[in-house]
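Architecture and fold: a report
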Amino acid sequence: MNTNNIKPVKRIAILTSGGDAPGMNAAIRAIVIAAQHYQIAVIGFYAGFNGLIDYVSMPLGVKDVANIIHKGGTILKSARCPAMKTSLGIAQATSTLLKEKIDALIVIGGDGSFAGSLALHKQWSGQVIGIPATIDNDIDGTDFTIGFSTAINTAIEAIDKIRDTAEAFERIFIVELMGRNSGHITFNVGVACAAEQVISFENFAANNQATGEQEKLLTLAKEIKLAQANRHASYIIVIAENVWQGGASVLAQQLQALANIDCTACILGHIQRGGSPVAKDRILATKLGVGAVQSLIAGKSNIMIAEQNNAIADVALPTAIMHQQGVSESLIQAQENILALTAQRLC
Ligand code: F6P
């Protein structure tokens, strides 16, 4: 690349968008510090793309990002923004970027946020870079997204506690985990908690949902009865949200109705989104934040800044949202062919 042709970056806009993820603040901090290092001004926009549309912003300096690396949520607030799916919304966002004389925009968020970034990139001539931050880990081209590690640790901690009660009372729990349409959280947490059953998109996909659920219900009831007969004290089923019609509560009712099996449904919900980021998320967010500023200076645009095999990489934004990168096949196979089977036989 001929660096003489690269337009100098003087003003960067940043925003956090979509579901908040632990580590978003660490990413904001890294961007602001790196920008200051290269003498670039940073303007933060509030509540995702809404801040661009409604023109709600503040300049961000190093003092503004002191003592935030350990905080969950995002100091810039976040939101989903349906208006970015309309030409009016994109025009308003573009107009704000032009009025503010912004050279480059960094969007910290997940697939919906990157779709908004792509739409904006078509209308606005400035540089656009995405930083992957979502607890769902459903972004292609990066080993992990910011927030995923914290979310699975939070869920593991919660399920370990549920296990104590399940053990003490010889009870069966069905724990529903977040992830929207992706099983990264469910599979990883299920394995890490030694769940007796993991039900997720990767191992439960039926052409006909109702028939598939009926068949699964029958095997599930059989396996639970077998485990109970073997005096297996506790039994934990983890299930991905949106994989079963009606979720964990309906599954519990169905097991009761079919085979008189008492299960307690527990929906972990938004507890998985909050909390202080674990070391892995703070470090990932810091690397990606610094990497994003350096990529902008190098003239890059329309990319997501990612981590692949411990190195910073660029991924085309359209590639990042293709949803091709599933849960590790070896993890699925280990759970399905070895761990789950052994769990059924244990006394
Ligand atoms: O994308 C993050 C996520 O927490 C998903 O796991 C979940 O399906 C969704 O957001 C929940 O969204 P909301 O907080 O808007 O209900």
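Residues numbered from 1 in each chain as written. Predicted model: local features only at pLDDT ≥ 70, side-chain atom pairs only at ≥ 80, totals over all residues. Heavy atoms only, no water.

1. Notes on the domain arrangement of the protein
- In terms of domains, the protein is made up of domain 1 (3-147 + 277-320) and domain 2 (150-273).
- Distance from the C-alpha centre of domain 1 to the C-alpha centre of domain 2: 35 Å.
- The partner domain 2 presents 11 residues to the 13 residues of domain 1 that form the contact.
- At the junction of domain 1 with domain 2, the criterion picks out one salt bridge.
- Arg-273 is paired through a salt bridge with Asp-20; the nearest N and O atoms lie 3.2 Å apart.
- At the junction of domain 1 and domain 2, the tally comes to seven residue pairs in polar contact (both at pLDDT 80 or more).
- The residue inventory of the side of domain 1 that touches domain 2, partitioned by class, reads five nonpolar, three polar and five charged. (Domains from an automatic or database assignment. Contact = heavy atoms within 4.5 Å. Salt bridge = Lys/Arg side-chain N within 4 Å of Asp/Glu carboxyl O. Polar contact = N/O pair within 3.5 Å; in protein donor to acceptor, adjacent residues only side chain to side chain. Nonpolar A, V, L, I, M, F, W, Y, C, P; charged D, E, K, R; others polar.)

2. Side note on the sheet that holds strand β3 (residues 57-60)
- Taking strand neighbours across the sheet as the criterion, the seven strands line up as β3-β2-β1-β4-β5-β10-β11 in an open arrangement whose pairing is mixed. Edge positions in the sheet fall to β3 and β11 (311-316), since each of these pairs with one other strand and no more. Strand-to-strand, the axes of this sheet are offset by a mean angle of 30°, without reference to chain direction.
- Pairing analysis gives four bridges linking strand β1 (residues 11-16) to strand β2 (residues 41-45), with the strands arranged parallel. Note that in β2 the partner of Ile-14 across the bridge is Gly-44. (Pairing = 2+ DSSP bridges. Helix = DSSP H or I, 4+ residues; strand = E, 2+ residues; numbered from the N terminus. Axes fitted to C-alpha atoms, helices over the stretch in contact; angles between N-to-C directions.)

3. A word on the sheet that holds strand β6 (residues 172-177)
- Across the sheet, which stays open at both edges, the four strands sit in the order β7-β8-β6-β9 with parallel pairing between neighbours. Of all strands in the sheet, those with a lone pairing partner are β7 (197-199) and β9 (263-267), marking the two edges. Looking at each pair of strands side by side, their axes are set apart by 20° on average, direction ignored.
- Note: β7 against strand β8 (residues 235-240), three bridges, orientation parallel. Bridge pairing in β8 places Ile-199 opposite Ile-239.
- Its contacts with the sheet put helix α5 (residues 148-169) on β6, β8 and β9, and the angle it makes with β6 is roughly 165°.
- Strands in contact with helix α7 (residues 209-229) are β6, β7 and β8; relative to β7, the strand with the most contacts, it is inclined by about 165°.

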